[in-house]
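Observations on the model geometry
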Amino acid sequence: MSKAIALIGLSGCGKTTYAKALSEKLNRPLYDIDHLIEEKMGLSVREIFEQFGEPYFRQQEWTVFLECIQDHTAIIATGGGLVPHAVARGQDKPLNVFFVYLNPSVEEIVRRLENPINRLQRPLLDDSVDLSQKVRLLHVARSKAYLAWADEIIDTF
Ligand code: S3P
């Protein structure tokens, strides 16, 4: 039986782009966790953070992810915090999912996120933070969790 495929990694690592490409290539349905939460709540990710707080967003994120992985043909673009927060809560890695960790260089991620529109959509990376420093800190803080769940690592682009 096929497994759901989940793309994991920091914001700006290419999860959405690769998920779309994989979904088309393999002819499998695409699930974008952030978009599904936004549709469910009728609010943007930023508004959910502002109105309900990050812990609430994390609960929603995990719930929606568990719904998506019921479909063993799913191609899933996760949000960058899904796996690190799950690992921090002590969740076991779901065995019916193949996790692909996209790990471009920090410099490449910063370059992609420098576009103000990309930052505006991401509450953890808004204008008030030093982007390069924040991405570096997140990379250090989260790499271990991504690596712990990764079935495949792609870091050569
Ligand atoms: C987050 C990443 C975002 C989104 C939310 C939190 C994070 O998704 O889920 O802003 O904690 O890194 P992307 O990875 O698609 O930017």
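Above this text sits the structure in question.
What counts as what
- Residues numbered from 1 in each chain as written.
- Predicted model: local features only at pLDDT ≥ 70, side-chain atom pairs only at ≥ 80, totals over all residues.
- Heavy atoms only, no water.
- Helix = DSSP H or I, 4+ residues; strand = E, 2+ residues; numbered from the N terminus.
- Buried < 20%, exposed > 50% of the residue type's maximum accessible area, 1.4 Å probe, protein only.
- Contact = heavy atoms within 4.5 Å.
- Polar contact = N/O pair within 3.5 Å; in protein donor to acceptor, adjacent residues only side chain to side chain.
- Near = heavy atom within 4 Å.
- Areas by Shrake-Rupley, 256 points an atom, 1.4 Å probe, with all protein chains shown as cover.
- Nonpolar A, V, L, I, M, F, W, Y, C, P; charged D, E, K, R; others polar.
- Pairing = 2+ DSSP bridges.
- Axes fitted to C-alpha atoms, helices over the stretch in contact; angles between N-to-C directions.
- Arc of directions from axis to C-beta.
- Salt bridge = Lys/Arg side-chain N within 4 Å of Asp/Glu carboxyl O.

**A closer look at the side chain of Glu-61**
One can find Glu-61 in helix α4 (residues 54-68). On the accessibility criterion, Glu-61 (2% relative accessible area) is buried. Not counting residues up to four positions away in its chain, the partners in contact with Glu-61 are Ile-33, Ile-37, Gly-79, Gly-81 and Leu-82.

**Observations regarding the environment of Glu-108**
Among the secondary structure elements, Glu-108 is positioned in helix α6 (residues 106-113). In the structure, Glu-108 is positioned 94 residues away from Gly-14 in sequence and 11 Å away in space, judged by C-alpha atoms. Of note is the side chain of Glu-108, whose polar atom sits 2.9 Å from the side chain of Arg-112.

**What about the site of the ligand?**
Inspection of the region around the ligand gives 14 residues, with Ser-11, Lys-15, Arg-58, Arg-122 and Arg-142 positioned closest. Protein chains shield 94% of the accessible area of the ligand, which is 390 Å² for the free molecule. With 3 residues, α4 is the single largest residue contributor to the shell around the ligand. Looking at the shell around the ligand, its residues break down into 4 nonpolar, 4 polar and 6 charged.

**Some words on the sheet that holds strand β5 (residues 152-154)**
One key point about sheets: their strands pair by backbone hydrogen bonds, in either a parallel or an antiparallel sense. Pairing is parallel in the open sheet, where 5 strands are placed in the order β2-β3-β1-β4-β5. Strands at the two margins of the open sheet, each flanked by one partner only, are β2 (30-32) and β5. This sheet shows a mean twist of 20° between the axes of neighbouring strands, independent of strand direction. In this structure, strand β4 (residues 97-102) lies alongside β5, joined through 3 bridges in parallel fashion. When the sheet's bridge partners are listed, Leu-102 is paired in β5 with Ile-154. On the sheet, helix α8 (residues 131-149) packs against β1 (4-8), β4 and β5 and is oriented at approximately 145° with respect to β4.

**Section: helix α3 (residues 45-52)**
Three or four residues apart is the spacing at which side chains of an α-helix point the same way, because the helix has 3.6 residues per turn. By the burial criterion, the buried members of α3 are Val-45, Arg-46, Ile-48 and Phe-49. Down the axis of α3, the smallest arc covering the buried residues is 165°, so these residues share one side. Residues of α3 that are exposed and point more than 90 degrees away from the buried face comprise Glu-50 and Gln-51. Check the buried side of α3 and you find it contacts α2 (33-41), α4 and α7 (116-120). Where α3 ends, the next residue or the one after it, Gly-53, has phi of about 95°, a positive value.

**Brief notes about the pattern of salt bridges**
A full pass over the atoms with the stated rule returns 8 salt bridges. Between Arg-46 and Glu-50 there is a salt bridge, with its nearest N and O atoms 3.7 Å apart. With Arg-46 and Glu-50 both in helix α3, this residue pair falls 4 residues apart, about one helical turn. The shortest N-O distance in the salt bridge between Asp-126 and Arg-46 comes to 4.0 Å. Taken as a pair, Asp-126 in the loop between α7 and α8 and Arg-46 in helix α3 lie far apart in primary sequence, 80 residues in all. Accessibility expressed as a relative area gives 23% for Asp-126, which makes it partly exposed. One network of salt bridges, in which partners are shared, links Arg-46, Glu-50 and Asp-126.

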